[in-house]
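The residues making up each chain are set out below.
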Amino acid sequence: MTQRLAPRWLEAETFDCRDAFVETLVALASEDPRIVGVVNDSVGSSKLDAFRTAFPDRLVNVGIAEQDMVGMAAGLAGGGRIPFVSGAACFLTARAMEQIKVDAAYSRNNLKLCGMSPGVAYGELGPTHHSIEDVAWLRALDQLVVVVPADPVETAAAIRWAAAYEGPVFVRVSRTPVPQVHPADHTFTPGRATVLHEGDDVTLVSNGTVLWRALAAAEQLAAEGIGARVLSMASVSPLDTAAVVQAARETGALVTAEESVPRGGLGGAVAEAVVAHHPVPVRMLGVDAFAPTGSAGYLLDRYGMSPEGIARAARELLHRRRS
Amino acid sequence: MPSTLSHAHLTLTRAPRPPAGAPRDEVVAQLRETARQIRLQDLALVHFAGAGHIGGDFSAVDVLTVLYGAVLDVAPDRVDDPERDRFVLSKGHVAGSYYVTLAAYGFLPVEQLATFLKPLSTLGGHPNRLHVPGVEASTGPLGHGLPIAVGQALAARLDSSPRQTYVLTGDGEMQEGSNWEAMMSASHYGLDNLTVVVDRNGLQQGASTEASMDLAPLADKARAFGFAVSEVDGHDHGALLDLLGSRERPGGRPRFVIAHTHKGHPISFMSDQVAWHHKVPDADQYATARAELDALAPAAGGAL
């Protein structure tokens, strides 16, 4: 971290979003008997112990078998249940991709895919366990809502929304500690971005564990007299195209920052909207390669997503536009 | 070139489901004749639409007919009833015979069959659960139906419901690992409300299953995975009725029924011929196949 980071970030309490996920799921399941958990030996990695304790008969462990896990969830949905499929994002998405495409999205089954510890959360365990491609893969699927919440408040809001929504949803549930960036009464609406920081010189579009870093970058830029708008974009698909186009029109330059591959990911989605509706320069930050060994925090910094790195990208973009 | 599929090619009539308590012989005779009618109609669909999977269609018709005609607790007026039985067609490429079966039992208007494979038809090359009444799973890629069926059966178990789940898979399809994952789950959860039927015609798209990737000994494998295994002549309506219609569940285990069938059955030049996986009969072959099916009409004294 750079020493320029404002004290509010240095002193902020941080959270593992899996705790908000489980707390919300247990509360929802208490009210709705249709909700079941489906795991691939992933109770521990999903922090679902509290769910298993509360509802031992409603936690279906399929063993280490992701294709079966998603297929069975589709069958459970066909039997009137609301399955929350919870497993490490890397295995859930890559291993069960065709089941996600056909049994979840194409079939519009009412199941919820909860990708635990996405992005580079597994840090030193390496690219086999990183899930940087999931957003791009799943954003390519019709009918599937893809959500990347940024903090415990937004994670809880997304899970509550997913339970009430009749259809397939993918929600990333982060494990890398993040501070709370949304107000306690924040709600999730698909296709709706939230402005967390006002500004008219440049726009930072972010979500997930990178969003607080974008906010910190905006504060650094503000100290230099650069007004950076920060768009919190948990809903990657559908995208809030209107907010992106408005940002392109009003600020003239955008930086995207995400804990995933930007090609096809949030960066790709934003760039598509900008190119189609109001072409302006876009800089896409993300983990765009199989990462070397390092902790999640180290890797995010290394791939240019420290607050300083994001601020630098914004400055460079502005410089390019003015030159 | 064959003419385009039209209403003129629709020969199917609705088949009544035999009333409860009807004598077995009558039920079996009715199922046999319905299966013959389904084949006649499916043959016309594939010939005039110019595409389809007639080989697998014809190996699966008798199992489909017995399930819909006399086994499944389903009906066109209660396709959303939570307590209906569930049937998953895992070998989704035999959509043609499935649509005709659904039409025979009233889930689809017979006239709709004339749209088979046409632009914007809901009756595409693989069944879509959102568009075709009675279809429980959108299938096509192999190895999807069995995991879905296990989930359906588990949902029934969680509901303490007596509803049953049946899934029809191809035999070549059993080469997909997802099936074996699902079979582990089915026996782990003791799902004796689940019946897996394998359409064991011994052929897949390119060659025999044994030459492609040997499945044998399939029964032993299923037994080792915790299933109660039966083998049956998959074209014998009486034997299928007795086996699939039985609600006995030995030892609390899921059931695995190996239905020995012939691809393209009973057409002389199609039967057991790998080329008929998705070959389309030309005008002469269509006429010959029709004549062979006509010769099996009850009045002609024949039997499938």
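Worth saying up front: this structure is predicted, and the values here are computed from it rather than measured. (Residues numbered from 1 in each chain as written. Chains lettered and ligands numbered in written order. Predicted model: local features only at pLDDT ≥ 70, side-chain atom pairs only at ≥ 80, totals over all residues. Heavy atoms only, no water.)

Chemist: When you look at the overall build of chain A in this model, what are you seeing that I'm missing?
Modeler: Scanning chain A from N- to C-terminus turns up 13 helices and 14 strands. Taken along the three principal axes of its C-alpha coordinates, chain A extends 60 × 40 × 40 Å. Per-residue burial for chain A yields a buried fraction of 64% across its 323 residues. Contacts in chain A between residues at least 24 apart in sequence constitute 77% of all its contacts with a sequence separation of at least 6. For chain A, the exposed surface amounts to about 11500 Å²; the carbon and sulfur share of it is 51%. Here chain A contributes 28 positive and 36 negative side-chain charges, whose respective centroids are spaced 4 Å apart. (Helix = DSSP H or I, 4+ residues; strand = E, 2+ residues; numbered from the N terminus. Buried < 20%, exposed > 50% of the residue type's maximum accessible area, 1.4 Å probe, protein only. Contact = heavy atoms within 4.5 Å. Areas by Shrake-Rupley, 256 points an atom, 1.4 Å probe, with all protein chains shown as cover. Lys, Arg positive; Asp, Glu negative; His and termini not counted. Charge placed at Lys NZ, Arg CZ, Asp CG, Glu CD.)

Chemist: It is not clear to me how the sheet that holds strand β7 (residues 169-173) of chain A should be interpreted in this structure. Could you clarify?
Modeler: Backbone-to-backbone hydrogen bonds join strands into a sheet, with any given pair of strands oriented parallel or antiparallel. Residue and element names in this part refer to chain A. Here seven strands make up an open sheet; going across it, the order is β3-β2-β4-β5-β7-β6-β12 and the pairing mixed. Since the sheet does not close on itself, it has two edges, and those belong to β3 (59-61) and β12 (235-237), each with one partner. Averaged over all pairs of adjacent strands, the angle between strand axes in this sheet comes to 25°, irrespective of strand direction. Both strand β4 (residues 82-88) and strand β5 (residues 112-116) contribute to a ladder of five bridges, which runs parallel. Residue Phe84 lies in a different strand from β5, and its bridge partner there is Lys112. (Pairing = 2+ DSSP bridges. Axes fitted to C-alpha atoms, helices over the stretch in contact; angles between N-to-C directions.)

Chemist: Would you mind showing me how to read the packing of aromatic side chains here?
Modeler: Both the distance between ring centres and the angle between the ring planes are used here to describe each pair of aromatic rings. Residues and elements named next belong to chain B. Within this structure, the stated rule accounts for 13 aromatic pairs over all chains. Residues Tyr68 and Tyr98 carry aromatic rings whose centres are separated by 6.0 Å and whose planes lie at 55° to one another, so their mutual orientation is tilted. In this pair, Tyr68 is assigned in helix α2 (residues 54-71) and Tyr98 in helix α3 (residues 95-104), connecting sequence segments 30 residues apart. Each member of the pair Tyr68 and Tyr98 is classed as buried. Plain terms: the ring middles of Phe269 and Trp276 are 5.5 Å apart, the flat faces sit at 65° to each other, and that makes the pair edge-to-face. (Phe/Tyr/Trp six-rings, centres within 6.5 Å; stacked < 30°, edge-to-face > 60°.)

Chemist: I keep staring at the interface of chain A and chain B and nothing clicks. Help me out?
Modeler: For interface size, the figure often reported is the accessible area lost on association. At the interface, 25 residues of chain A touch 25 residues of chain B. Taken together, the two surfaces of chain A and chain B that pack against each other cover about 2000 Å², and 51% of this comes from carbon and sulfur. On the chain A side of the interface with chain B, the three residues burying the most area are Asp68, Met72 and Tyr106 of chain A, jointly 23% of the side's total. Summed over the shared surface of chain A and chain B, the number is one salt bridge. Between Asp159 of chain B and Arg81 of chain A there is a salt bridge, and its shortest N-O distance comes to 2.7 Å. For the pair chain A and chain B, the interface holds 12 residue pairs in polar contact (both at pLDDT 80 or more). For the side of chain A that touches chain B, the secondary structure elements donating two or more residues are β3, α4 (66-78) and α6 (97-106) of chain A. If one sorts the elements of the side of chain A that touches chain B by residue count, α4 of chain A sits on top with nine residues. Looking at the side of chain A that touches chain B, its residues break down into nine nonpolar, nine polar and seven charged. (Buried area = accessible area lost by both parts, 1.4 Å probe. Salt bridge = Lys/Arg side-chain N within 4 Å of Asp/Glu carboxyl O. Polar contact = N/O pair within 3.5 Å; in protein donor to acceptor, adjacent residues only side chain to side chain. Nonpolar A, V, L, I, M, F, W, Y, C, P; charged D, E, K, R; others polar.)

Chemist: Could you clarify how one ought to interpret the layout of surface pockets in this entry?
Modeler: Once rolled over the atoms, a probe with the size of a water molecule shows which space is left empty. As a volume, the largest pocket reaches approximately 500 Å³. Along the walls of the largest pocket sit 24 residues, with Ala77 and Gly78 of chain A together with Asp80, Arg84 and Arg129 of chain B positioned nearest its centre. Its residues placed into classes, the lining of the largest pocket shows seven nonpolar, eight polar and nine charged. Its boundaries defined by the atoms lining it, the second largest pocket holds a volume of some 300 Å³. His93, Leu142, Glu173, Gln204 and His277 of chain B are the residues nearest the centre of the second largest pocket, which is lined by 20 residues in total. Of the residues contributing to the lining of the second largest pocket, the split by class is two nonpolar, 12 polar and six charged. (1 Å grid on protein atoms, 1.4 Å probe; cavity = no way out; pocket = protein on both sides within 12 Å on 5 of 7 lines; lining within 4 Å. Points joined across faces, edges and corners; volume = space filled by probe spheres on them.)

Chemist: What is the right way to look at the UniProt feature "domain: Transketolase N-terminal" (unreviewed entry) in chain B in this model?
Modeler: Here the UniProt feature "domain: Transketolase N-terminal" (unreviewed entry) sits at residues 34-291 of chain B. Helix makes up 38% of residues 34-291 of chain B and strand 11%, and the two end C-alpha atoms of the span are 17 Å apart. (UniProt positions renumbered as here; feature names shortened; annotations may be inferred.)

Chemist: Is there a simple way to explain unusual backbone geometry in this structure?
Modeler: Comment: phi is negative for the bulk of residues other than glycine, and the bulk of peptide bonds are trans. Cis geometry is adopted by the peptide bond preceding Pro238 of chain A, which originates at Ser237 of chain A and carries an omega value of 0°. Within the secondary structure, Pro238 of chain A is located in the loop between β12 and α10 (241-251). Of note, the amide linkage connecting Ala216 of chain B to Pro217 of chain B takes the cis form, showing an omega dihedral of -5°. Within the secondary structure layout, Pro217 of chain B lies in the loop between α6 (209-212) and α7 (218-224). Positive phi values are uncommon outside glycine, yet Ser117 of chain A reaches one of about 45°. Along the chain, Ser117 of chain A turns up in the loop between β5 and α7 (134-139). Classification of Ser117 of chain A by relative accessible area gives buried; the value is 1%. In this model, Gln143 of chain A sits at a positive phi of 75°, which is unusual for a non-glycine residue. Here Gln143 of chain A is to be found in the loop between α7 and β6 (145-147).

Chemist: Just checking my understanding: could you explain empty space enclosed by the protein for this structure?
Modeler: Residue and element names in this part refer to chain B. Overall, the coordinates contain one cavity of 30 Å³ or more when judged by the stated rule. Estimates place the volume of the largest cavity at around 70 Å³. Forming the boundary of the largest cavity are Tyr68, Val74, Ala75, Arg78, Val79, Arg84, Asp85, Phe87, Phe107, Gly134 and Glu136. Residue composition of the lining of the largest cavity, grouped by class: six nonpolar, one polar and four charged.

Chemist: Where do I start with the confidence of the model for chain B in this structure?
Modeler: Interpretation of this model should avoid reading the predicted coordinates in detail wherever pLDDT is low. Scored by pLDDT, chain B comes out at a mean of 95, with 98% of its residues at no less than 70. Overall fold confidence for the complex sits at a pTM of 0.96, while the interface term, ipTM, reaches 0.94. (pLDDT = per-residue confidence, 0-100.)

Chemist: Just checking my understanding: could you explain the environment of Ser185 of chain B for this structure?
Modeler: Residue placement: Ser185 of chain B occurs in helix α5 (residues 177-188). Taking the relative accessible area as the measure of exposure, Ser185 of chain B reaches 3% and is therefore buried. C-alpha separation for the pair Ser185 of chain B and Gly96 of chain B, spaced 89 residues apart in sequence, amounts to 31 Å. Once residues within four sequence positions are removed from consideration, Ser185 of chain B is found in contact with Val62, Asp68 and Met72 of chain A together with Val150 of chain B.

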